[in-house]
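Examination of the molecular architecture
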Amino acid sequence: MAEIARWKNKSWKVGTTSIIPLENLSFKYQQAADNNSSTEEKKVTNQRGKELIPLTFTTTLVAGIVDVRKEIEEWKDLVTQVDYFYLGGKNLGPALQLRKVEVSDTKLDNKGRMMFAKLSFEFKEYDQETTSVKADVPPLQITASPSIKPIKMISNVAMVKSDLLSAVVREMQMGDFVKLIGEYNVAGKKIPEEKLQRNYKIKFIAGNNVVLEDGSDTIWVLKKDVTMV
């Protein structure tokens, strides 16, 4: 399973049994105004002032893949915590403090259980001198570079045709309407027959997986198991 990113004990990954995507990643490096004499949220060691680095992104939680309510509760307890953010196995920059977790687009079943939720995260570079919330900065972890896997030549004509078909599937966009041609979701659970007959709208795409939505019903499936309507 490929790990996209990691912060403290939380990770974002896409695989056949667990999907926690990371989307809309945004951060910036910015100098403060030359005439700014305030040290609030500025590095006091820099006379001209440098803005603390912000980092924002979103992720989507789907029941059956993760326990949506439990995941939200765990994130609530991590607000104000500090750690380094690793993207693709490499440290992205200075230690970051989690400032905000916003929950939106929730979908509930008829028992009030959370089946779907979108989480928006706001981090900011942690500076001990200017922060109003003190925290311990953990040691920076050095991660090894991932090994390069050899690429095998494709000599089987059927495999080439399969790859060409997959390329067409990858052109699907969020908002497109599709129908299921497979019988199992990404967790390997069989999809009820009545759901196989419906048309679905693509909620979002994460690697080789897609989230399909039909009213209050949401399903995670592989791209190869759907086709355009």
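Preceding this section is the structure that the text describes.
1. Let's talk about the environment of Q97
By secondary structure assignment, the location of Q97 is in strand 9 (residues 96-108). On the basis of relative accessibility, which here comes to 2%, the residue Q97 falls in the buried class. Residues Q97 and Y126, 29 residues apart in the sequence, show an inter-C-alpha distance of 5.5 Å. Apart from residues no more than four positions distant in its own chain, Q97 is found in contact with T80, Q81, V82, E122, F123, K124, Y126, T131 and V133. At 3.1 Å, the side chain of Q97 and the side chain of R99 are in polar contact.

2. Considerations on the pattern of salt bridges
On inspection of all chains with the given rule, the structure shows 12 salt bridges. In this structure, the salt-bridge partner of K10 is E71, at a minimum N-O distance of 3.1 Å. Remark: E71 occurs in helix 1 (residues 68-78) and K10 occurs in strand 2 (residues 10-14); sequence separation between them is 61 residues. Summarising the burial analysis for this pair, K10 and E71 share the class buried.

3. Things to note about the sheet that holds strand 3 (residues 19-20)
Read from one edge to the other, the open sheet built from 5 strands follows the order 3-2-1-7-8, with strand pairing classed as antiparallel. Looking at which strands have only one partner, the edges of the open sheet turn out to be strand 3 and strand 8 (90-91). Here strand 1 (residues 2-7) runs beside strand 7 (residues 85-87); their pairing, made up of 3 bridges, is antiparallel. Bridge pairing in strand 7 links W7 to F85. Sheet strands in contact with helix 1 are strand 1 and strand 2, and its direction is about 140° off that of strand 2.

4. Points about unusual backbone geometry
Both trends apply: most residues other than glycine have a negative phi, and most peptide bonds are in trans. Positive phi is not limited to glycine here, since N24 has a value of about 55°. In this fold, N24 is placed in strand 4 (residues 23-27). Phi at T80 takes a positive value of approximately 85°, unusual for a residue other than glycine. Along the chain, T80 falls in the loop between helix 1 and strand 6 (82-83).

5. Thoughts on the nonpolar core
Within the largest apolar cluster, 30 residues are counted, with the highest numbers of intra-cluster contacts made by W7, W12, F85 and W220. It is strand 10 (residues 114-125) that provides the largest number of residues to this core, a total of 5 residues. In terms of nonpolar packing, the next biggest core, distinct from the first, is built from 12 residues, M172, L180, V210 and V221 among them.

6. Quick look at the sheet that holds strand 5 (residues 54-62)
A sheet is described by the order of its strands in space; here 5 strands give the open sequence 4-5-10-9-6, paired in antiparallel fashion. Of all the strands in the sheet, the pair left with one neighbour each is strand 4 and strand 6. Pairing between strand 4 and strand 5: 3 bridges, direction antiparallel. Following the sheet pairing, F27 is matched in strand 5 by L55. Along the sheet, helix 1 makes contact with strand 5, strand 9 and strand 10, crossing strand 10 at roughly 20°.

7. Here we look at the pairing of strand 13 (residues 209-214)
In terms of residue burial, strand 13 counts as a mostly covered element, since 5 of its 6 residues are buried. Bridge count between strand 12 (residues 199-206) and strand 13: 5 bridges; the pairing is antiparallel. From the neighbouring strand, A206 faces strand 13, where its bridge partner is N209. In the sheet, strand 13 pairs with strand 14 (residues 217-222) via 6 bridges, with the strands oriented antiparallel. Within strand 14, the position partnered with V211 by the bridge is W220.

Analysis parameters
Residues numbered from 1 in each chain as written. Predicted model: local features only at pLDDT ≥ 70, side-chain atom pairs only at ≥ 80, totals over all residues. Heavy atoms only, no water. Helix = DSSP H or I, 4+ residues; strand = E, 2+ residues; numbered from the N terminus. Buried < 20%, exposed > 50% of the residue type's maximum accessible area, 1.4 Å probe, protein only. Contact = heavy atoms within 4.5 Å. Polar contact = N/O pair within 3.5 Å; in protein donor to acceptor, adjacent residues only side chain to side chain. Salt bridge = Lys/Arg side-chain N within 4 Å of Asp/Glu carboxyl O. Pairing = 2+ DSSP bridges. Axes fitted to C-alpha atoms, helices over the stretch in contact; angles between N-to-C directions. Core = buried A, V, L, I, M, F, W, Y, C linked by side-chain atoms within 4.5 Å.

Scope: geometric values only; no functional claims are made or implied.
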